[in-house]
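Architecture and fold: a report
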Amino acid sequence: MAVDARAPYDTSNIFARILRGEIPCKKVYEDDFALAFHDINPQAPVHVLVIPKGEYVSMADFTAKAPDTLVTGFFRAVGKVAEELELVEGGYRILANAGTNSHQEVPHLHVHIFAGAPLGPMLASKIS
Ligand code: AMP
């Protein structure tokens with residue numbers, strides 16, 4: 001079910017539990033600012049999620065409230081994941097859902113990285 005991206009942070013969400021080590025993940029990268037792991041239901045040959053180490057529901061929440069060091073570190077981590085997984089040459093797509101219209105399911109900011117094959121149009125079909 002889609003979440004309301006304006007809701008208070010829910011510390012029991014699945015990515016919070018992954019960050020606390022309560023639930024395993026297939027880790028691909030970690031530093032002081034971010035954790036990256038394979039999506040459990042991949043939508044492309046490469047489908048990795050990058051999440052910040054902090055309690056932020058959405059991009060708006062994160063960019064409004066996170067300290068500059070974390071904002072910078074998080075986005076650097078996204079770039080490092082793309083580099084380390086050797087996605088730069090072939091290309092990749094970054095996507096972050098926020099709120100109900102986007103069907104955000106997990107109320108902890110996450111960036112999807114898709115790669116490994118031609119990814120088709122930006123959206124499945126044009127929406128008006
Ligand atoms: P979103 O719709 O942008 O909130 O995407 C949430 C993503 O989290 C989906 O692509 C799910 O497949 C993925 N997901 C949910 N639970 C897990 C988990 N335990 N480990 C890895 N990925 C997960």
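See above for the structure.
This report concerns the structure included in the present document. (Residues numbered from 1 in each chain as written. Predicted model: local features only at pLDDT ≥ 70, side-chain atom pairs only at ≥ 80, totals over all residues. Heavy atoms only, no water.)

Thoughts on the side chain of His110
- Relative to the helices and strands, His110 is located in the loop between strand S4 (92-95) and strand S5 (111-115).
- What makes His110 buried here is its relative accessible area of 6%. (Helix = DSSP H or I, 4+ residues; strand = E, 2+ residues; numbered from the N terminus. Buried < 20%, exposed > 50% of the residue type's maximum accessible area, 1.4 Å probe, protein only.)

Concerning the packing of aromatic side chains
- A full pass over the atoms with the stated rule returns five aromatic pairs.
- With a centroid separation of 5.3 Å and an interplanar angle of 75°, the aromatic rings of Phe62 and Phe74 are classed as edge-to-face. Within this pair, whereas Phe62 is found in helix H2 (residues 59-65), its partner Phe74 is found in helix H3 (residues 68-84), the two being separated by 12 residues in sequence. This pair shows no difference in class: Phe62 is buried, exactly as Phe74 is.
- Between Phe74 and Phe75, the aromatic rings sit 5.3 Å apart at their centres with planes inclined by 70°, giving edge-to-face as the arrangement. (Phe/Tyr/Trp six-rings, centres within 6.5 Å; stacked < 30°, edge-to-face > 60°.)

Remarks on the site of the ligand
- Asp39, Asn97, Glu105, His110 and His112 are the nearest of the 17 residues found near the ligand.
- Residue His110 places a side-chain N or O atom 2.8 Å away from an oxygen atom belonging to the ligand.
- One of the side-chain N or O atoms of His112 is found 2.8 Å from an oxygen atom in the ligand.
- Surface burial for the ligand is 86%, taken as the share of its 510 Å² of free accessible area covered by protein chains.
- If you map the ligand onto the pockets, it falls in the largest pocket. (Near = heavy atom within 4 Å. Polar contact = N/O pair within 3.5 Å; in protein donor to acceptor, adjacent residues only side chain to side chain. Areas by Shrake-Rupley, 256 points an atom, 1.4 Å probe, with all protein chains shown as cover. 1 Å grid on protein atoms, 1.4 Å probe; cavity = no way out; pocket = protein on both sides within 12 Å on 5 of 7 lines; lining within 4 Å. Sits in = over half its atoms within 2 Å of the grid points.)

Observations concerning the nonpolar core
- Core analysis: the biggest nonpolar cluster contains 20 residues, and Val48, Val50, Phe62, Phe74, Val81 and Ile113 have the highest contact counts within it.
- Of all the elements in the fold, those that place two or more residues in this core are strand S2 (34-38), strand S3 (46-52), H3 and S5.
- For this core, the element with the most residues is H3, which contributes six residues.
- Sequence-distant contacts of Phe74, defined by excluding residues within four places in its chain, comprise Phe33, Ala34, Val50, Ile51, Pro52, Phe62, Leu109 and Val111.
- Core analysis: the next-biggest nonpolar cluster, separate from the first, contains seven residues, Ile18, Leu35, Leu49 and Ile51 among them. (Core = buried A, V, L, I, M, F, W, Y, C linked by side-chain atoms within 4.5 Å. Contact = heavy atoms within 4.5 Å.)

Observations regarding the pattern of salt bridges
- Throughout the structure, instances matching the rule amount to six salt bridges.
- Residue Glu22 pairs with Arg20 through a salt bridge whose shortest N-O separation is 2.7 Å.
- For Glu30, the salt bridge goes to Lys53, with nearest N and O atoms at 2.7 Å. Of this pair, Glu30 sits in strand S1 (residues 27-30) while Lys53 sits in the loop between S3 and H2, and the two are 23 residues apart along the sequence.
- Accessibility expressed as a relative area gives 39% for Glu30, which makes it partly exposed.
- Among the ionic contacts, a cluster of salt bridges with common partners joins Arg17, Arg20 and Glu22. (Salt bridge = Lys/Arg side-chain N within 4 Å of Asp/Glu carboxyl O.)

The values reported here are purely geometric and, on their own, carry no functional implication.
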